[in-house]
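# Observations on the model geometry
Here are the chains, one letter per residue:
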Amino acid sequence: MTLRQYSERIVLAAVSLLVLATLGTTARAAEAPGDVLRRYLRARLTGDIETARTLWNSRDVRRSSALGIRFDDIEASFDDYWMLSAEEREDLAAATTLVFVDSTIEEERATFTVAMKSRSGDEVRDTLLYSVQARSDAWTISLPYLSTSRAWTRREGRYFRLRSKRLARVSQHALNAMDAAIVEVFDRLGTPDAARLRLERVKIEYYLCEEPEDVRTLVGSEAREGYLPAGGRVVSRVCPDMNAVARLLVHLTLRQTPLHNVPLFERGLAAALGGTDDVTSSVFLVRSRNKAIADPKWVDAVFAPVPIAGDEEQAGNARAVEALWCYALMEELQADAFVVLLRELGGTTTQVAARSSQDVRAAIEAATSKSGSDLNDLVRRRAQSMLPAMRPGCETWPTEIFGLEATLRWRDREGAWALKGYVHEDHYIMTVSPFAPGPPQWKRSLLDSMMVETTGEKPEWTVAEPVRPEGDPPTVVLLVRVKAELDLEPYESLLFREHYLARRYKNELFGLFVSPDDARLYDYGQNKVLAEFDTRTSPPGGPFYYDEEPGHVCVSFPTDFFPRALTSYYVELFPYTGE
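These numbers were taken from a predicted model, which means no experiment stands behind them.

Another aspect to go through is the overall build of the protein. Along the backbone of the protein there are 18 helices and 22 strands. Overall, the C-alpha framework of the protein stretches about 110 × 75 × 45 Å when taken along its three principal axes. Every one of the 579 residues in the protein was classed for burial, and the buried ones make up 50%. Taken as a whole, the protein presents about 28200 Å² of accessible surface, with 51% of it coming from carbon and sulfur. Measuring between centres, the 70 positive side-chain charges of the protein sit 6 Å from its 85 negative side-chain charges.

What follows is about a positive patch on the surface. On the surface, Arg 59, Arg 62, Arg 135 and Arg 150 cluster together into a patch of positive charge. Along the polypeptide, Arg 59 turns up in helix α4 (residues 58-66). Take Arg 59: its relative accessible area is 40%, and that puts it in the partly exposed class.

Moving on to the confidence of the model for the protein. Confidence in the prediction of the protein, expressed as mean pLDDT, is 90, and 92% of residues score 70 or more. Across residues 2-28 the pLDDT falls below 50, and counting only partners more than four positions away or on other chains, this stretch makes eleven contacts in the model.

Mapped onto the elements of the fold, Glu 532 is located in strand β19 (residues 528-534). One polar contact links Glu 532 to Arg 287, side chain to side chain, over a distance of 2.6 Å. Of the polar contacts made by the side chain of Glu 532, one reaches the side chain of Arg 520; its length is 2.9 Å. Among residues more than four places away in sequence, those in contact with Glu 532 are Val 283, Arg 287, Met 390, Ala 519 and Arg 520.

Another aspect to go through is helix α12 (residues 281-294). Counted at 1.5 Å a residue, the expected span for α12 with its 14 residues is 20 Å, and the 20 Å between its end C-alpha atoms agrees. All of the buried residues in α12 are Ser 281, Val 283, Phe 284, Leu 285, Val 286, Ser 288, Arg 289, Asn 290 and Ala 292. The elements touched by buried residues of α12 are α11 (263-274), α13 (312-345), α16 (373-385) and β19.

Moving on to the pattern of salt bridges. Any two side chains of opposite charge can pair, given that their charged atoms come close. Within this structure, the stated rule accounts for 35 salt bridges. Among the salt bridges present, the one from Arg 166 reaches Glu 210, with a minimum N-O distance of 3.1 Å. You can see Arg 166 sitting in the loop between β7 (160-164) and α7 (172-189) and its partner Glu 210 sitting in the loop between β8 (204-208) and α9 (212-219), a full 44 residues away along the chain. For Arg 166, the salt bridge is made with Glu 492, and the minimal N-O distance between the two is 3.5 Å. Of this pair, Arg 166 sits in the loop between β7 and α7 while Glu 492 sits in the loop between β16 (476-481) and α18 (494-499), and the two are 326 residues apart along the sequence. Its relative accessible area of 31% is what places Arg 166 among the partly exposed residues. Taken together, the shared-partner salt bridges in this structure form one network comprising Arg 63, Arg 154, Glu 156, Arg 161, Arg 163 and Glu 205.

The next point concerns the environment of Asp 547. Mapping Asp 547 onto the fold places it in strand β20 (residues 546-547). Residue Asp 547 is classed as partly exposed on the basis of its relative accessible area of 25%. In this structure, the C-alpha to C-alpha distance between Asp 547 and Gly 393, residues 154 residues apart in sequence, is 8.7 Å.

Glancing now at the pairing of β16. Summarising burial for β16: six of the six residues are buried, a large majority. Relative to strand β17 (residues 508-514), β16 runs antiparallel, the two sharing six bridges. Within β17, the position partnered with Val 477 by the bridge is Phe 513. Sheet topology note: the β16/strand β22 (residues 570-575) ladder contains six bridges and is antiparallel. Each residue of the ladder has a partner; that of Val 476, found in β22, is Pro 575.

What follows is about unusual backbone geometry. In this chain, Cys 239 is followed by Pro 240 through a cis amide linkage whose omega measures 0 degrees. Residue position: Pro 240 is located in the loop between β10 (233-236) and α10 (242-254). One non-glycine residue, Asp 73, lies in the positive phi region at around 65 degrees. Of note, Asp 73 is situated in the loop between β1 (70-71) and α5 (86-95). Unusually for a residue other than glycine, Glu 425 sits at a positive phi of about 55 degrees. By secondary structure assignment, the location of Glu 425 is in the loop between β14 (417-424) and β15 (427-434).

Let's shift gears to the sheet that holds β7. An order of β6-β7-β8-β10-β9 is seen for the five strands of this open sheet, with the pairing classed as mixed. Of all the strands in the sheet, the pair left with one neighbour each is β6 (153-156) and β9 (226-228). If you compare each strand with its neighbour and ignore which way they point, the axes differ by 20 degrees on average. With four bridges connecting them, β6 and β7 associate as antiparallel partners. Bridging from a neighbouring strand, Arg 154 pairs with Arg 163 of β7. On the sheet, α10 packs against β8, β9 and β10 and is oriented at approximately 35 degrees with respect to β9.

Turning our attention to the state of the cysteines. In the structure shown here, the tally under the stated rule is one disulfide. Disulfide partner of Cys 394: Cys 554, at an S-S distance of 2.0 Å. With a gap of 160 residues between them, Cys 394 in the loop between β12 (391-392) and β13 (408-411) and Cys 554 in strand β21 (residues 552-558) connect regions that are remote in the sequence. No disulfide involves Cys 209; its sulfur sits 11 Å from that of Cys 239, the nearest cysteine.

What follows covers the nonpolar core. Counting 90 residues, the largest nonpolar core has Ile 182 and Phe 265 as the members making the most contacts within it. When residues of this core are assigned to their parent elements, the largest contribution, 16 residues, is made by α13. Tyr 40, Val 61, Trp 82 and Cys 209 belong to the second-largest nonpolar core, a separate cluster that totals 38 residues.

About the criteria used
- Residues numbered from 1 in each chain as written.
- Predicted model: local features only at pLDDT ≥ 70, side-chain atom pairs only at ≥ 80, totals over all residues.
- Heavy atoms only, no water.
- Helix = DSSP H or I, 4+ residues; strand = E, 2+ residues; numbered from the N terminus.
- Buried < 20%, exposed > 50% of the residue type's maximum accessible area, 1.4 Å probe, protein only.
- Areas by Shrake-Rupley, 256 points an atom, 1.4 Å probe, with all protein chains shown as cover.
- Lys, Arg positive; Asp, Glu negative; His and termini not counted.
- Charge placed at Lys NZ, Arg CZ, Asp CG, Glu CD.
- Patch = residues over 30% accessible without salt bridge, like charges linked within 9 Å, V, L, I, M, F, W, Y side chains within 5 Å.
- Salt bridge = Lys/Arg side-chain N within 4 Å of Asp/Glu carboxyl O.
- pLDDT = per-residue confidence, 0-100.
- Contact = heavy atoms within 4.5 Å.
- Polar contact = N/O pair within 3.5 Å; in protein donor to acceptor, adjacent residues only side chain to side chain.
- Expected span 1.5 Å × (residues − 1).
- Pairing = 2+ DSSP bridges.
- Axes fitted to C-alpha atoms, helices over the stretch in contact; angles between N-to-C directions.
- Disulfide = S-S within 2.5 Å.
- Core = buried A, V, L, I, M, F, W, Y, C linked by side-chain atoms within 4.5 Å.

Here it is, written out as structure tokens:
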């Protein structure tokens, strides 16, 4: 090929690209992005799904089916604002009108805020937020997840892809905990292996928001924070939000699934599997268990009508008793039968609203073969048999257990009170008691026998028995953090900041607070309570947590709360003052 021929081809290619670009620009210019969005919304209001689908971003359409979840009776599941049946969509169209209230127009993209107003007044029932982007020769519509989070930091786990505006909001420890919690939910629900592998490949799209405004820029309204089913996404201000993730995992397990379920399995199951923003599911269930033991009739309130809106306390009580029932039913029915019950009671918004409490109870009675008071007694028995992770007291005081020596030791400046930590079988035991110098009694006896055997003489011990100081033992904090500098990360714990006014955060992973009233283990990566024992709410009976006469506080919890042995961490012990 000659130089002249080569030059002519280059010129021809450049002209062709210019023509194509001009045609694309002309095609997009023929219809403004706002007009394209209006055409899409008209199609959704009238049920013209094929037209709506052609206007929607094709990547988002594929994402909506990537996890293999199919929603029953939903016209189309690629737009979270329109996850409706035909009947629900017709009712919505008759009762509301859509009004464009704000827009940002750029050369290659535009963002529109659309208010869904009541036809009978100016009440705004919902706020919709859309992104319209230039794609080759047309405009395509999507929700503004990617355009809003384009500059956010991205981190990946085994089952999720997380985006956050600030890296300092994300702890690798919390990401590992979320993956582990997802596996626990899988096992609890009996999620098929194929669904687990699909989630591992496709991943949950998780958007961690710093401020309420971040939520609004993603989904239009703070009320929509949580699980967004159209694309298997979670938008939340906490990490990990296992309550929202659990809702997704339920749908993933069911595969061909109703979108909604009765409140017992909508709110209650999410709390039983995922807990809440500030406590893990195990802590939430233990609190519910304690309520059921303190007031056995409280279990019966699950089918009573409870006004959720406007009464936070009643809403919390309703969710707690619903979670306890879900736990009991999962234990009783096991995964396969429980999933069948879930599917039976789910449906569209209209179908779920039409199910009375008697209908729900009848379905549960049929599934469990228990009726009347027998069904409620089943839940009470399951509640009473639940073993809390953090337990009070010790059957034997640790210093009396042969061969058991403290691996953690602390005493206050006055030499009055001491904390000791022990490893016994698969539990850590923590005690606060009057300071006792010298070896424990079992070790003294052992040394006595050894000395008698070797020298024929028994040693004289001058160790004074501990004297109980006046007042109650202090609140003692045990902080756990990594030893190696390589494990440090630029993370800021919001919960740590709540606990301490002046103390600087140094990548502490856990904080154990032990006082005469309660013991709580906090996870500073997840910003949640991992385990707790509270004398004010826990049922009576069993070993003493705080034996006031000798001044003994004792509590134990499983060693597997910490990823590694406690001795492999840096541990700091001190009295808690809030500073």
